[in-house]
Amino acid sequence: MKLSSLNIKKIDLSNIDQNYAGQDILMKIGELYQYESGIYGSGHLWTKLERIVENIIIEELDKVGCIQVDFPKLQPKKVWEQSGRWDLYTKQNDIMFTLNNNFGEYGLAPTAEECATIFAANRLLSYKNLPAIYYQISEKFRKEIRTRGYLFRPRTFVMMDAYSFDKNEEDMNKTYQLMHHAYLNIFKRLGISIIPTVSDNGTMGGKVSEEFQAITNLGEDTVLYDNEKNIGINKEVLSFENRDEYLKQLGINDISCLKEYQSVELGNNFQLGTQYSTSMGLFYKDETGKEKPYYMGCYGIGLGRIIATIIENNVIKENESVKGFSLPINIAPYKIQIVYKEDKKEFAEKLYQDLNKHGISAIIDDRIDYSLGSRIKDCYVLGTPYIAIIGNQSDGVMIEVEETKTGKKFSKTIEEIIELVSP
RNA sequence: CGGAAAGUGGCUCAACUUGGUAGAGCAUCUGGUUUGGGACCAGAGGGUUGCAGGUUCAAAUCCUGUCUUUCCGACCA
């Protein structure tokens, strides 16, 4: 990509939001735009990141046999009435945006259990069709009472939501475990330290659920983690009435060996049981031709939160002041940014072409009237992991490469650069 | 929804206490000198001070209302 086409704004890093520096940088350079509280437009970098994160999620879910589909964002009222949740979502909890016009009444999808169950029941007619897991990656809409932290808690956001259908509780449990491990693989590939925790309604109604909490110093939640036993709990569990019994169930006898972490919830999985199947009157036929309810699970991952977490966890500072951020090489939309002095333009363009030929996405800073120094500074606000600096010292063979995360510099040939940034 | 703070050119802020022609830095545009860690000189454009009402000869400034944004809390498949 030619940097001139991105039209980023020049910014002053001395006034950056210290709590959410990475996202504030993107706002200030124009790569994120807030229309109103909780409603954002994303620029090129964010959108590219979304596709990359999305692909990792798709690959890992496909590996365990999930099927990607797409459910409507504009959901008819009757669909929600079929499960009896219309009033719950529009009155008691008032979380769903609604539309009412001469076509009828609708809700903007905050989630999709109803649509998924209807979709599934139309084709999973027999026990022979089970199990099945359908997932989608799409925008969700929620009337968050209080938005927070830019893309950490907005009112519209992109989420992966999956819905599983099984014959019985035992199979549902297996599917749940399958998804648990798929999630761990996803977060591992994203380079995010994750703690699976049992969440608050794990004790209620016989339901099982877990949260996937990412360790970050700007989280909304506090988790307690037992390193040895590899068990995590949300700190809110400690305020439960039945906490002792609850902790005992998990095998936690001594709270003092739990370490406390600030975290943000990136994923949330639930065993739903037969709740939706029964309430909506949608069944499959078993071996004897009898109608049986589906045992369901639902699984969510917030993509915006993942991206925000990666960006904020990779903010780089110099002498306590924010310098920018540096994305992990396997996540970065652009692996290396080429900056050059005007009289070395030819060599810089050759490097850019060579990288392109090898399928390596690079940025070339082709803007005119920028000093080499200011061009280098802009690499940090775009999160590019490496900078290729072609200046006075350039001899046309060796290229000075800087790792933005550490500031370390190397001298490399084009071939070595290709190897360095290749996955 | 309870509590708190803030709204002044694109951005960060000043002027408000004590009412009297709305300023600076950055950014943008033009010309010139620059170009290895966010350069310099000269010039230019850009604001009905969130909105509405009130007090006053006169309101960014005082009063009332309202809207918006942010933060804390509550809430959160």
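Above this text is the structure in question.
It should be emphasised that the depicted structure is a prediction, and the values quoted were computed from it without experimental measurement.

Conventions and cut-offs
One numbering rule holds for all chains: residues counted from 1, following each sequence as written. As they are written, the chains are lettered A onward and the ligands numbered 1 onward, keeping that order. Residue-level local features of this predicted model are given only where pLDDT is at least 70; pairs of side-chain atoms are given and counted only at 80 or more, and the full residue set underlies all totals for whole chains, interfaces and linings. Heavy atoms throughout the structure, all of them, feed into the side-chain values; hydrogens and water do not. In this text, helices come from DSSP runs of H or I with a minimum length of four residues, and strands from runs of E with a minimum of two, each type numbered from the N-terminal end. Categorising residues by exposure relies on relative accessible area from a 1.4 Å probe, with only protein chains included: less than 20% of the type maximum marks a residue as buried, more than 50% marks it as exposed, and the intermediate range marks it as partly exposed. When checking whether two residues touch, look at their non-hydrogen atoms; a contact exists if any pair is within 4.5 Å. A 1.4 Å probe and the Shrake-Rupley method give the accessible areas. Residues count as covered only by the protein chains that appear here. For the charge count, each Lys or Arg is scored as positive and each Asp or Glu as negative, with His and the chain ends excluded. Each charge is placed at NZ for Lys, CZ for Arg, CG for Asp and CD for Glu. Whether a residue is near a molecule or strand depends on its heavy atoms: if one lies within 4 Å, it is near. Polar contacts here mean pairs of N or O atoms no more than 3.5 Å apart (in protein, one a potential hydrogen donor and the other a potential acceptor; neighbouring residues in sequence count only if both atoms are side-chain atoms). Here the nonpolar group is Ala, Val, Leu, Ile, Met, Phe, Trp, Tyr, Cys and Pro; Asp, Glu, Lys and Arg are the charged ones; every other residue, Gly included, is treated as polar. A strand pair is defined by DSSP finding two or more bridges across the two strands. In this analysis an axis means a line fitted to C-alpha atoms, helices contributing only their contacting stretch, and an angle means the value between N-to-C directions, from 0 to 180 degrees. Stacked, edge-to-face and tilted labels apply to pairs of Phe, Tyr and Trp rings (six-membered ring for Trp) whose centres lie within 6.5 Å, assigned for plane angles under 30 degrees, over 60, and everything in between, in that order. Consider the ring centre and the ring normal. A charge sits over the ring if Lys NZ or Arg CZ is within 6 Å of that centre and within 35 degrees of that normal. Note: crossing handedness is left-handed where the near helix turns anticlockwise from the far helix by less than a right angle, and right-handed where it turns clockwise.

### Considerations on the overall build of chain A
At step 1: Secondary structure summary: chain A contains twelve helices and 23 strands in total.
At step 2: Its C-alpha atoms put chain A at 80 × 55 × 40 Å along the principal axes.
At step 3: Taken across its 423 residues, chain A has 52% of its residues classed as buried.
At step 4: Within chain A, contacts between residues separated by at least 24 positions form 68% of all contacts whose residues are at least 6 apart in sequence.
At step 5: In the structure as shown, chain A presents an accessible area of about 20100 Å², 47% of it carried by carbon and sulfur atoms.
At step 6: Of the charged side chains in chain A, 50 are positive and 60 negative; the average position of the first set lies 2 Å away from that of the second.

### Points about the environment of lysine 229
At step 1: With respect to the secondary-structure elements, lysine 229 resides in the loop between β11 (221–226) and β12 (231–234).
At step 2: Sequence separation between lysine 229 and arginine 367 is 138 residues, and the spatial gap between their C-alpha atoms is 54 Å.
At step 3: In this structure lysine 229 touches Gly251 and Asn253, once residues within four positions along its chain are discounted.

### Notes on the protein's contact with RNA strand B
At step 1: Taken together, 36 residues lie around RNA strand B, and Glu113, Arg146, Arg153, Asp378 and Tyr380 are the ones closest in.
At step 2: In RNA strand B, atoms within 4 Å of the protein come from the sugar-phosphate backbone in 40% of cases.
At step 3: Asparagine 15 places a side-chain nitrogen or oxygen 2.8 Å from a sugar or linking oxygen of RNA strand B.
At step 4: One of the side-chain nitrogen or oxygen atoms of glutamate 402 is found 3.2 Å away from a base nitrogen of RNA strand B.
At step 5: By residue number, the principal contributor to the surface near RNA strand B is helix α11 (residues 372–382), which donates eight residues.
At step 6: In terms of residue class, the surface near RNA strand B is made up of eleven nonpolar, eleven polar and 14 charged.

### Considerations on the sheet that holds strand β21 (residues 386–390)
At step 1: Strand order in the open sheet formed by five strands is β20-β19-β21-β22-β23, and the pairing between neighbours is mixed. Of all the strands in the sheet, just β20 (362–364) and β23 (409–412) have a single pairing partner and so form its edges. Averaged over all adjacent pairs, the angle separating strand axes in this sheet is 25°, with direction ignored.
At step 2: Relative to strand β22 (residues 399–403), β21 is paired through four bridges, and the arrangement is antiparallel.

### Here we look at the environment of methionine 296
At step 1: Within the secondary structure, methionine 296 sits in strand β16 (residues 295–302).
At step 2: Each C-alpha atom of the pair methionine 296 and isoleucine 376 lies 52 Å from the other, and the pair is 80 residues apart in sequence.
At step 3: Sequence-distant contacts of methionine 296, defined by excluding residues within four places in its chain, comprise Thr117, Ser164, Phe165, Met172, Gln271, Leu272, Gly273, Tyr276 and Ser277.

### Digging into the side chain of serine 263
At step 1: Relative to the assigned elements, serine 263 resides in strand β13 (residues 259–273).
At step 2: By relative accessible area, serine 263 is classed as buried at 0%.
At step 3: In terms of polar contacts, serine 263 uses its side chain to reach the side chain of glutamine 213, at 2.7 Å.
At step 4: If we ignore the near neighbours within four places in the chain, the residues touching serine 263 are Gln213, Ala214, Thr216, Gly219, Glu220, Asp221, Thr222 and Val223.

### Side note on unusual backbone geometry
At step 1: In this structure, proline 131 follows leucine 130 across a cis peptide bond, with omega equal to 0°.
At step 2: Relative to the helices and strands, proline 131 resides in the loop between α5 (113–121) and β7 (132–141).
At step 3: A positive phi angle is found at asparagine 7, which is not glycine, with a value near 50°.
At step 4: Position of asparagine 7 among the secondary structure elements: in the segment before α1 (21–29).
At step 5: Accessibility expressed as a relative area gives 61% for asparagine 7, which makes it exposed.
At step 6: Positive phi, normally seen in glycine, also occurs at asparagine 230, with a value near 60°.
At step 7: Of note, asparagine 230 is situated in the loop between β11 and β12.

### Side note on the packing of aromatic side chains
At step 1: Enumeration according to the criterion identifies 15 aromatic pairs in this entry.
At step 2: Between tyrosine 183 and phenylalanine 212 the ring centres are 4.8 Å apart and the planes differ by 50°, which places this aromatic pair in the tilted class. Of this pair, tyrosine 183 sits in helix α6 (residues 169–189) while phenylalanine 212 sits in strand β10 (residues 208–215), and the two are 29 residues apart along the sequence.
At step 3: Overall, tyrosine 183 belongs to the buried group, its relative accessible area being 0%.
At step 4: Pairwise contacts between aromatic rings join Phe71, Phe119, Tyr134, Tyr163, Phe165, Tyr284 and Tyr294 into one cluster.
At step 5: We note lysine 323 situated over the ring of tyrosine 380; from NZ or CZ to the ring centre the distance is 4.4 Å.
At step 6: One residue, lysine 412, lies across the ring of phenylalanine 410, its end atom 5.3 Å from the ring centre.

### A few points about the sheet that holds strand β4 (residues 74–76)
At step 1: Spatially, β4-β6-β5 is the arrangement adopted by the three strands of the open sheet, whose pairing is antiparallel. One side of each edge strand has no neighbouring strand; the edge strands of this open sheet are β4 and β5 (98–101). Each strand axis lies, on average, 35° off the axis of its neighbour in the sheet, ignoring direction.
At step 2: Two elements, β4 and strand β6 (residues 104–108), share three bridges in a ladder whose sense is antiparallel. Pairing of glutamine 75 across the sheet is with glycine 107, part of β6.

### Examining the pairing of strand β8 (residues 156–166)
At step 1: When you tally the buried positions in β8, you get eleven out of eleven residues, the bulk of the element.
At step 2: Residues Thr156, Val158, Met160, Ala162, Ser164 and Asp166 point to one face of β8 and Phe157, Met159, Asp161, Tyr163 and Phe165 to the other, with burial holding for every one of them.

### Some details on the pairing of β6
At step 1: Sheet topology note: the β5/β6 ladder contains four bridges and is antiparallel. Note on β6: the bridge partner recorded for threonine 98 is glycine 107.
At step 2: The loop that links β5 with its antiparallel partner β6 comprises two residues.

### A short note on the packing of helix α2 (residues 44–63) against α6
At step 1: The contact between α2 and α6 brings their axes to 9 Å, and the two run at 145°. Between α2 and α6 the crossing geometry is right-handed. Across the interface between the two elements, Ile56, Ile57, Glu59, Glu60 and Leu61 from α2 touch Met179, Ala182, Asn185, Ile186 and Arg189 from α6.
At step 2: Tallied by class, residues from the contact of α2 with α6 come to six nonpolar, one polar and three charged.

That is the geometry; function is a separate question.
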